[in-house]
Structures are given as structure tokens and as C-alpha cells.
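Summary of structural features
As a plain string of letters, each chain reads:
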Amino acid sequence: MGRKDSLVTDGLFFSYGEKPAIRGVSVEFVPGKFIGVVGPNGCGKSTLLDLLVGIKTPTRGRVLLDGEDVRRLKKREVARKMALVPQKFFINFPFTVHEVLLMGRHPYIPRFSTPSEKDYHIVNCVAEQFELTEFLYSYITELSGGEIQRVVVARAVVQDTPFLLLDEATSNMDIKHTLEIFTGLRKRVDNEGITVISVMHDLSLAAMFCDEVVAMKNGKIHDHGDARKTLSEKNINEVFEVRARVVDDDEGCGFRIFFNGVSHD
Amino acid sequence: MGETLPGVSGTEGLRIILFLSVALVVAVVLSTAMGYIRIPVIDVIRIVWFKITGNTDALKQLNGVFPYVVTDVRLPRILTAAIVGAGLGMSGAIFQGILLNPLADPYTLGISSGAAFGASLALVLNISFLSLYTVPLFAFLGAMLTLVAVLSISSVRGQMSSNNLILAGVIVAAILSAGIGFLKYIADEEVSIIIFWLMGSFASKTWYEVFLTGSTVLLGFAVFLFYSRDLNIISLGDQISDSLGVSTGRVKKVLLVAASLVTAVCVSVSGIIGFVGLIIPHLMRFVLGPDNQKLIPASALGGALLLLVADTTTRSVLPHEIPIGILTSLLGGPFFCYIFRKKELGRIHGT
């Protein structure tokens, strides 16, 4: 609500050794929107998220969070602005779900202090919203893949940041929980004005939930803007090399995408 | 909608740590009373008290040998054993936490092999310019050189992955083992001294060792506790811990070096005592959960108790001293199996 948050990248470049991954990305993420990042495998989507939260250093260019270089800000400060749900998650130690969620409050709890009443309150609210109440004192190591992913997304929500970055957060989830999670995030965008930036493989989901879409290919932005406009038949063909039909949906929300096969068939 | 405060586990954890602390103090007093010369427990307490308060008149009224046996013979050995146990126990917890691997222990990075190689070298070459402290010094240098080698082999462009660290540790340890084998081969008659050193012992330790290990372990403990919450966050993976405001790379390096230093000092004083650093953190994790803020103090106390009990057993219960490394495994192993079974069975029936 009236937050002045802004997130802009300015000519970003990044490479893994000799192999370039991001090749000149300048994009402005409009605050208060649900933004999907789409593109084929290896196009640099995950790398872009890492650069945005400042856990990778660009070889050239800058990420500006509220006008300041994210690499120059204190890590704790950034952690209060942006939360990340990585693609891969693995844990070896039997923390309870409650303990993992509470770790999301780390940037707010001073060293040698214990969590406050408010921290516990937020954890409980989010747990309820993500239907994790019954697992709250189970060991995370004993949950199923989909349940663990729900915990990991919930942990990022507990961090209570104006920007929430997700990297295929629902890849192991069943369709009901996927829809529930995205509906919940959508509500946060609408009601609290947070910005969600979500890497998505499922274009139908992107069509359902996103206001804006960033389409990436070979480490560059192919197109960026309104979801309906960006997810056009032409763009899908150029970015993913598949033939699709995009149809407006009068009953549901937005539009539908039907796939007809690979382009060079 | 009531707030569920997880105070249950919190206070229970503190209670267990308090219990372990009391048990450790009791164990120190009891083991000081035990030995070839039996000393009444009350006299042990009196002697320590009189020594602390500087009451020499009262000391003279006790049996003439007792004060000497307690303060110059037994206490240094007992305290060294407990401190080394604490150092190995908590370093084990740290290594497991940083390497995200419950199978790691203080020796995973080859520190024990480095220490063993250094000690063997001093023994074989008969170097003794520092008299009694030559072997510990060489052991320490060996351990630190190994650490430097492992860290430089495993770091690629300033980043160290757990897998690289473990692999580099295994490789360096293998090379050093071959070196130790060679030294044993050419050692001839000294080979038994090497073997005995390798198996560890607390015999004839002095206050010098108590202060050396004590200050190192205390310093390490402070560093570990300072970063204990960061270590919890690190178990969520580098990406999440970085995005939660933890300087993951720096914290890992600081803890790695601190834990290695503690281990190196312990090993150089006591020889190689296995098992404590691997099993104690596991045992404590079974009981207290993986929260490092509780796990680190509990592992220190648990390690101290195990080594103290083992050392007292070999010193005063058994007819002959046997190497303490053997005894720790014989005492700790079955106990671990018992707890493990109980926990696993409890989980099946409990849910």
C-alpha cells in the first residue's frame, strides 16, 4: 500500500567461468504486481533471481533496490526487502517445521536475542494460511516433497518482505496446493501490495496469475510487459519454439494457452 | 486462536544442559577421589576449596600426600581429559553443521592424520629440542599444515563446497597415512611409541596442558556460540542463508578454522581419540534436536563426560591402562546403539 519499493536492473552481465549466463539484462519490476519470468531451460532465469537478491555478483551492471546497489547494502537490510525460494532445497538435519519457519524471522532478530511475540505470531499465521498447522512440530526431514516445498515457500513468506522471489516454487506440488499457493500469493499482491517475481515453467499458470511477464531467451530479455501481450502466439513460438494458440477466456480469469506441437515439425 | 510458544522444548533443552553440567562437576569430583590411592570425596572437595581460598594451614592438617595427589597428579589429567572431550565434541557438531553432513567429524579434513604424521616424524627423527613438548608441537604443526593444504586444494575461485572439502580431506589423509606407514616401517624399535601415541592417552598431563587446551577450547566455544544461529540457517542451504542476511561464506570459513584449531590443539595434547567428535553430536541431536544454540554446549558437555569417564575407567578401574581411544568406542558405542534403537522404536510407536 503506497510502498515506494523499486527493483531495477541496469545492464546486467554474468557468466559461469567462460560461459555467459546473463547478457545485458535491463528491466524494471513494477512494484505491486505479480510478475512471471518465463523462458526455456538454461536461459538464465534462476541466475537472474540470484543476481536480484545479491547472492551472486554481476560481472557488469547493477541491481538497484530502492535506488541503491544491492551489493552495497547490508545483507540483513536486503533480507528485510527480498525473500528467495530457491529451486533446489535439501536439508540434512531434523529441524521441526516450526523451527524452519521461525528461521524466516532471522533478519529481524538481533544476535543473542530470542524471537519476539510478533515473530511467533507471524509464523503461526503463515502456517495456518499454508495449512501447515498439523505438521508444525513434525521433522521437516520426514515430510513429502510437496509438503517440504510448501514449508519452503511459507518460510519465505514469514520473512515478510515487499519483494518475494520464487524459482519454480511449485514444481513438486499437486495441482490443488499449487493453485492454493498462487492464489494466496495473488491475494498478498492485491491486498498488501507486495511484488511477486516468480520463475514459471507452466505457462498456463503464468496466464492465470501474472500481471506482467518477462520472457527470457539465451540470457537476454526477449519481451517484457503485460502478461496477455507478452504471452502471445508469436512470442511463445520465438522463445520456446513451440506452436501455441492463445485464447481469451471470458468466464475464468484472463486467457488460456493451447499447445499444438513443436515449431519445426 | 492461542499463540503456541515452543517453550516446552526450550526449557527442556536448558534443563538437559544443566543436568549435564552438574553431572560433569560430580564426575570430576568422583574421579579425583578414585585411583590407586583412595581419597575420601569430602577431602577432595576440601583440598580444592582450601587451594582456591589459599588456606595453607588447613591443607597441612589433611593427610600429607592427598593435596599433592589431587592438585598435581589427578586434577591436571582429569581436567585435560574433560577439556579435550569438550573440544572434540563441539568441533564435531561444527564440522557436521558446516559440511551439512551428519557423517563428518573433527577428523574429516585430515587433521588427525596431519597431527599423527607430525608426531611420528618427531618420534622417528628423535627430535627433542623442546623436551616433552616437541611431539605435541610437531603434531600441532602437522595438523595446521594439513588444514592449509586441504583448504587450498578445495577452494575454487574463493568458494569452497562441502563435497570438495570432504574429498580434499580424504585425499590428503590418504597421502599422510602412507607417510605414517613409511615412518613406522623405518622406525624400527620406536614403532611402539608411535602406535601408543596414535591411540591417545592422558597419562602424566600437567597444568600446562590444562591451560593450553582450556584457553583454546574456551575461545572456540565463544566463537561457536556467537555463530550458532547462523549455523542453523546455513543448514537451509547457501542460497537461503545468503538471502536471509547471513554471510554464509565468511561464517563457514571462520567456523572451519576455529574448529580445526580446537581439534589440532586437542589432538596434539592427547593423541588421536576417535569417536567422541562423531557420536556425541549425534547423541545430543537425538536428545535435544538440531538447534546449534543448544547442540554446541550440550556436545561440549557430553564429550567432556565421555572422555572423563573413559579416562577414569582406564586409570583407576581397569587393572592395566589401555589406550583411551579404544575405551571411548567400547563405552560410547553400545550406549549410542541403545539410544538409537530407543529413538527409532519410539518414533514408530509414537506416531
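In case you missed it, the structure is sitting above this.
Note that the structure is a prediction, hence the values are computed from the model and not measured. (Residues numbered from 1 in each chain as written. Chains lettered and ligands numbered in written order. Predicted model: local features only at pLDDT ≥ 70, side-chain atom pairs only at ≥ 80, totals over all residues. Heavy atoms only, no water.)

In terms of regular secondary structure, chain A is built from nine helices and 12 strands. Relative to the 2.2 N^0.38 estimate, which gives 18 Å for 265 residues, the radius of gyration of chain A is 19 Å and therefore close to what a compact globule would have. Burial status across chain A gives 52% buried among its 265 residues. In chain A, 62% of the contacts between residues at least 6 apart in sequence involve partners at least 24 apart. Carbon and sulfur atoms form 50% of the exposed surface of chain A, whose accessible area is close to 12,000 Å². Of the charged side chains in chain A, 34 are positive and 37 negative, and the gap between their average positions amounts to 7 Å. (Helix = DSSP H or I, 4+ residues; strand = E, 2+ residues; numbered from the N terminus. Rg over C-alpha atoms; globule rule 2.2 N^0.38 Å. Buried < 20%, exposed > 50% of the residue type's maximum accessible area, 1.4 Å probe, protein only. Contact = heavy atoms within 4.5 Å. Areas by Shrake-Rupley, 256 points an atom, 1.4 Å probe, with all protein chains shown as cover. Lys, Arg positive; Asp, Glu negative; His and termini not counted. Charge placed at Lys NZ, Arg CZ, Asp CG, Glu CD.)

Given 3.6 residues to a turn, an α-helix orients residues that are three or four positions apart in the same direction. Residue and element names in this part refer to chain B. Where helix α8 (residues 191-199) is concerned, the buried positions are I194, W197 and L198. Looking down the long axis of α8, one finds its buried residues gathered within 100 degrees of arc, a one-sided arrangement. Those residues of α8 that are buried lie in contact with α5 (111-124), α6 (134-154), α7 (162-187) and α12 (248-270). Two residues or fewer past α8, G200 is found with a positive phi of approximately 85 degrees. (Arc of directions from axis to C-beta.)

By convention, interface size is frequently given as the accessible area that disappears when the constituent parts associate. With 34 residues of chain B at the contact, the number on the chain A side is 39 residues. Summed over both partners, the interface of chain B with chain A buries about 3,200 Å², with 59% contributed by carbon and sulfur atoms. Of all residues in chain B, R229, Q239 and L244 of chain B bury the most surface against chain A, accounting for 19% of the area lost on that side. In this structure, D230 of chain B and R111 of chain A form a salt bridge, with 3.0 Å as the shortest nitrogen-oxygen distance. Viewed at the interface, chain A and chain B are joined by 11 residue pairs in polar contact (both at pLDDT 80 or more). Along the lines of polarity and charge, the residues of the side of chain B that touches chain A split into 14 nonpolar, 11 polar and nine charged. (Buried area = accessible area lost by both parts, 1.4 Å probe. Salt bridge = Lys/Arg side-chain N within 4 Å of Asp/Glu carboxyl O. Polar contact = N/O pair within 3.5 Å; in protein donor to acceptor, adjacent residues only side chain to side chain. Nonpolar A, V, L, I, M, F, W, Y, C, P; charged D, E, K, R; others polar.)

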